[in-house]
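Coordinates in review
Residues per chain are reported as follows:
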Amino acid sequence: TVRLAKYFGVYEISDELVNGAPLYIRRRRGMAVTFFLYKTNDGGGHWMATPEKSYISLNGGAIASSRPAELPTDPGLAWKFAHKGVWEDCPDTTCTAVDPPQEDDHLQYFPLGRGNGEGARTEEVEEVEEVEEVE
């Protein structure tokens, strides 16, 4: 199992496309773990976050959008997480576009985390929820 809060943070758009949509990457400073936010190929186009790039081809991950969406920042998009093999609602989780923290205007950043719709507040997430990868 992994802690849900580890998935929260700023995801940067990459040059890579997955299932016709941008792949977003979160690199954690000082850690080897990288997280990926991608659009699934499950026929509907849900968004999912995973720490393993190899899970992308399996539509695997621990956090997923509750419905298909064009972008992970679509208004009103709800999220769910895998807990003991069952998907549970995660009503306080949002994904919002923010201005890039760097001077590269072509980059987009999407914080995935708990907040009030005005951006992620990852520092306030309690690290008590356990989730597991679902394939």
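Summary of the structure given here.

Considerations on the overall build of the protein
Within the protein one finds zero helices and eleven strands. When the helices and strands of the protein are listed from N to C terminus, the series reads β-β-β-β-β-β-β-β-β-β-β. Counting only residues that meet the buried cut, the protein has 43% of its 135 residues in that class. In the protein, the proportion of contacts linking residues at least 24 apart, taken out of those at least 6 apart, comes to 40%. Surface accessibility of the protein: about 7,400 Å² in total, with carbon and sulfur atoms responsible for 45%.

Looking at the environment of serine 66
Secondary-structure assignment places serine 66 in the loop between strand S6 (63–65) and strand S7 (79–83). What makes serine 66 partly exposed here is its relative accessible area of 32%. Remark: the alpha-carbon pair of serine 66 and methionine 48, spanning 18 residues in sequence, is separated by 9.7 Å. When near neighbours in sequence (up to four residues on either side) are disregarded, serine 66 contacts His46, Ala78, Trp79 and Lys80.

What about the packing of aromatic side chains?
Tallied over the full model, the rule gives two aromatic pairs. Taken together, a centroid distance of 5.9 Å and an interplanar angle of 50° make the contact between tyrosine 24 and tryptophan 47 tilted. With tyrosine 24 in strand S3 (residues 21–27) and tryptophan 47 in strand S5 (residues 47–50), this residue pair connects regions lying 23 residues apart in the sequence. The residues tyrosine 24 and tryptophan 47 share a single accessibility class, namely buried. Lying over the aromatic face of tryptophan 87, lysine 80 brings its terminal NZ or CZ to 5.4 Å of the ring centre.

Each value, and the rule that gives it
- Residues numbered from 1 in each chain as written.
- Predicted model: local features only at pLDDT ≥ 70, side-chain atom pairs only at ≥ 80, totals over all residues.
- Heavy atoms only, no water.
- Helix = DSSP H or I, 4+ residues; strand = E, 2+ residues; numbered from the N terminus.
- Buried < 20%, exposed > 50% of the residue type's maximum accessible area, 1.4 Å probe, protein only.
- Contact = heavy atoms within 4.5 Å.
- Areas by Shrake-Rupley, 256 points an atom, 1.4 Å probe, with all protein chains shown as cover.
- Phe/Tyr/Trp six-rings, centres within 6.5 Å; stacked < 30°, edge-to-face > 60°.
- Lys NZ or Arg CZ within 6 Å of the ring centre and 35° of its normal.

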